[in-house]
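# A closer look at the structure
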Amino acid sequence: MTISLKLSAAILAATMAFAPAAQAEDIPEIVVVHQIIDPNADTPAHAYRFEPKFLQVPAGATVRFKGSTGRHTVTAIPRMIPVGARVFEIRGEPELDLTFEKEGVYGIRCRVHGRHGMVMLLVVGDPGSNLEEAKAYLPKLGEAEQAGFEELFAYMEARNG
């Protein structure tokens with residue numbers, strides 16, 4: 001009976017030791033994106049920006065957008081997000097969390113400062129689901145937004161091979 005009790009306790013301890021690790025891997029980490037206004041920057045593209053402006057996360061990840069105050073927005077470009085993904089716009093919120101389930105690329109801009117190139121590219125899982133459609137929309141954007149996204153797509157392709 002004593003051996004059986006010790007064995008049961010050992011199995012229970014081993015199970016509990018592994019359970020938190022398995023659960024922690026299933027819960028995506030919250031990634032933070034800041035909206036920056038830098039009055040000391042040398043160009044408008046550096047003055048108004050997202051940090052980071054390129055972000056790659058697994059499906060199910062939560063992204064915390066910070067600094068959407070004043071005139072800043074975090075605006076999904078409807079033709080540059082995966083089919084079936086929720087179109088979103090954040091404004092007037094110092095901080096808001098969004099969870100991204102649909103794989104693909106998400107073109108995001110500040111509605112006001114996008115004209116200065118304030119854009120970001122969020123890649124959720126495999127970018128292939130809407131990559132070509134998102135790129136095809138670039139000519140419809142303003143010059144600074146288009147240049148910003150072209151740079152981000154080139155970065156993504158160089159990074160992912």
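Residues numbered from 1 in each chain as written. Predicted model: local features only at pLDDT ≥ 70, side-chain atom pairs only at ≥ 80, totals over all residues. Heavy atoms only, no water.

### Quick word on helix H4 (residues 143-160)
- Over its 18 residues, H4 extends 26 Å from the first C-alpha to the last, a length consistent with the 26 Å expected when each residue adds 1.5 Å.
- When we look at burial in H4, the residues that qualify are Glu-145, Gly-148, Phe-149, Leu-152, Phe-153 and Met-156. Looking down the long axis of H4, one finds its buried residues gathered within 130° of arc, a one-sided arrangement. For H4, the exposed residues lying more than 90 degrees away from the buried face are Glu-143 and Ala-158.
- The inward-facing, buried residues of H4 contact strand S3 (54-57), strand S6 (104-109), strand S7 (119-124) and helix H3 (131-136).
- Of the residues flanking the end of H4, it is Gly-161, one or two places downstream, whose phi is positive at about 80°. (Helix = DSSP H or I, 4+ residues; strand = E, 2+ residues; numbered from the N terminus. Expected span 1.5 Å × (residues − 1). Buried < 20%, exposed > 50% of the residue type's maximum accessible area, 1.4 Å probe, protein only. Arc of directions from axis to C-beta. Contact = heavy atoms within 4.5 Å.)

### Examining the environment of Ala-134
- Along the chain, the position of Ala-134 falls in helix H3.
- Setting aside residues no more than four positions away along its own chain, Ala-134 makes contact with Arg-79, Met-80, Val-105 and Phe-153.

### A look at the pattern of salt bridges
- If you walk through the whole model with that rule in mind, you get ten salt bridges.
- Among the salt bridges present, the one from Glu-151 reaches Lys-53, with a minimum N-O distance of 2.8 Å. In this pair, Glu-151 sits in helix H4 while Lys-53 sits in the loop between strand S2 (48-51) and S3, placing the two residues 98 residues apart along the sequence.
- With relative accessibility at 46%, the residue Glu-151 sits in the partly exposed group.
- Assessed through its relative accessible area of 39%, Lys-53 is described here as partly exposed. (Salt bridge = Lys/Arg side-chain N within 4 Å of Asp/Glu carboxyl O.)

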